[in-house]
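Overview (structure and organization)
In case you want the letters, here they are:
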Amino acid sequence: MKARPLTLPGAFEVIPDRHRDKRGVFLEWFRADWLREATGHTLNVAQVNLSVSTLGAIRGLHLTRTPPGQAKYVSCMSGAIVDVLVDLRLGSPTFGQHESVRLDATEQHSVYVPEGFGHGFCALTEGATVSYLCSTSYAPEIEYVLNPLDPELGITWPVADPIPSDIAAQGRGLRECLDEQLLPTYDECRALAQAHPGRPT
């Protein structure tokens, strides 16, 4: 496995070693020890989610209040998506910036999303199936939904007619998150990462 740092500090694209023979393909999809060694982050899995999306569907953008925050390990099990991360950590050198990564069932790459990021994706195929390993369980009272079409975020979704949920379409914009003081600081997120057992300092 290899970890490619994204332009947003702390986020990574994970590229597995694929072993092919006459039976098909084998790969190690996730290894906690390897992720910790390669990225400096430990992902203690508390919940695993699976979604199946129609072509053009947008899921997210989601943010969990920090602390506790929520880190994710995202993989596309069938079809293809564009995965989008938004750095929402106040004081981060890339605050407000986003990065997009294509994930599909052919290459079988994954994305590691640390605490303090907004996260979402857009389905590029019908029936795109996505698995998310999550570091904390879903808690609606600390979960925020940002409008994925907020012009201040400036995300260009790669489909002609993106389909957000009704909740997301009415979600907060970046300016509202700032005004309501919902966003974590860069230092809070870094301290949280170092507080997890097994994480290198």
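Because the structure is predicted, anything quoted here is derived from the model rather than measured.

Before going further, it helps to examine the confidence of the model for the protein. Detail in the predicted coordinates should be disregarded across regions flagged by low pLDDT. Averaged over all residues, the pLDDT of the protein equals 93, while 96% of them reach at least 70. Long-range and interchain partners of residues 197-201, a stretch whose pLDDT sits below 50, account for 15 contacts in this model, where long-range means more than four residues apart.

Burial within strand β11 (residues 117-123) is extensive, with seven of its seven residues counted as buried. Here β11 shows a buried face lined by Phe117, His119, Phe121 and Ala123 and a second buried face lined by Gly118, Gly120 and Cys122.

The next subject is the side chain of Asp150. Looking at where Asp150 falls in the secondary structure, it is placed in the loop between β13 (143-145) and α2 (166-169). Nearest to the buried, unbridged Asp150 among oppositely charged side chains is Arg175, at 8.2 Å. With sequence-adjacent residues up to four places away left out, Asp150 is seen in contact with Gly173 and Leu174.

Moving on, we come to the packing of aromatic side chains. Each pair of aromatic rings is reported with the distance of its centres and the angle of its planes. Summed over all chains, the structure comprises two aromatic pairs. Here Phe30 and Tyr73 contribute two aromatic rings whose centre-to-centre distance is 4.9 Å and whose plane-to-plane angle is 65°, an arrangement assigned as edge-to-face. Here Tyr73 lies in strand β7 (residues 72-78) and Phe30 lies in the loop between β4 (24-27) and α1 (32-39), a separation of 43 residues in the sequence. Judged by its relative accessible area of 1%, Tyr73 is buried. A centroid spacing of 6.1 Å and a plane angle of 50° characterise the contact between Phe121 and Tyr132, whose relative ring orientation is tilted. With Phe121 in strand β11 and Tyr132 in strand β12 (residues 128-134), this pair connects stretches of sequence that are eleven residues apart.

The five strands lie next to each other as β9-β8-β11-β6-β13, forming an open sheet whose pairing is antiparallel. The open sheet is flanked by β9 (98-104) and β13, the only strands paired with a single partner. Pairs of neighbouring strands in the sheet enclose a mean axial angle of 25°, with direction left out of account. Relative to β11, strand β6 (residues 58-64) runs antiparallel, the two being bridged by four bridges. Residue Gly60 lies in a different strand from β11, and its bridge partner there is Gly120.

Moving on to α1. The set of residues buried in α1 consists of Trp34, Leu35 and Thr39. The arc enclosing the buried residues of α1, seen along the axis, measures out at 100°, which places them on a common side. Of the surrounding secondary structure, the elements contacted by the buried residues of α1 are β1 (2-5), β2 (12-15), β7 and β10 (110-113). Gly40, located one to two residues past α1, shows a positive phi value of around 80°.

Counted according to the given criterion, the structure contains nine salt bridges. The salt bridge partner of Asp21 is Arg23, with a shortest N-O separation of 2.6 Å. With a relative accessible area of 74%, Arg23 lands in the exposed category. Of the charged contacts, one joins Arg172 and Glu180 as a salt bridge, the two residues approaching to 2.9 Å between their closest N and O atoms. The network of salt bridges with common partners includes Glu28, Arg31 and Asp33.

Now for the sheet that holds β7. Spatial ordering of the open sheet is given by β1-β2-β10-β7-β12-β5, a layout of six strands whose pairing is antiparallel. Either end of the sheet is taken by a strand with one partner, and the two such strands are β1 and β5 (47-53). Between one strand axis and the next, the sheet turns through 25° on average, direction left out of account. Bridging between β7 and β12 involves six bridges; their strand directions are antiparallel. Residue Tyr73 lies in a different strand from β12, and its bridge partner there is Leu133. Strands in contact with α1 are β1, β2, β7 and β10; relative to β1, the strand with the most contacts, it is inclined by about 40°.

Here is what the cut-offs are and how they apply
- Residues numbered from 1 in each chain as written.
- Predicted model: local features only at pLDDT ≥ 70, side-chain atom pairs only at ≥ 80, totals over all residues.
- Heavy atoms only, no water.
- pLDDT = per-residue confidence, 0-100.
- Contact = heavy atoms within 4.5 Å.
- Buried < 20%, exposed > 50% of the residue type's maximum accessible area, 1.4 Å probe, protein only.
- Helix = DSSP H or I, 4+ residues; strand = E, 2+ residues; numbered from the N terminus.
- Lys, Arg positive; Asp, Glu negative; His and termini not counted.
- Salt bridge = Lys/Arg side-chain N within 4 Å of Asp/Glu carboxyl O.
- Phe/Tyr/Trp six-rings, centres within 6.5 Å; stacked < 30°, edge-to-face > 60°.
- Pairing = 2+ DSSP bridges.
- Axes fitted to C-alpha atoms, helices over the stretch in contact; angles between N-to-C directions.
- Arc of directions from axis to C-beta.

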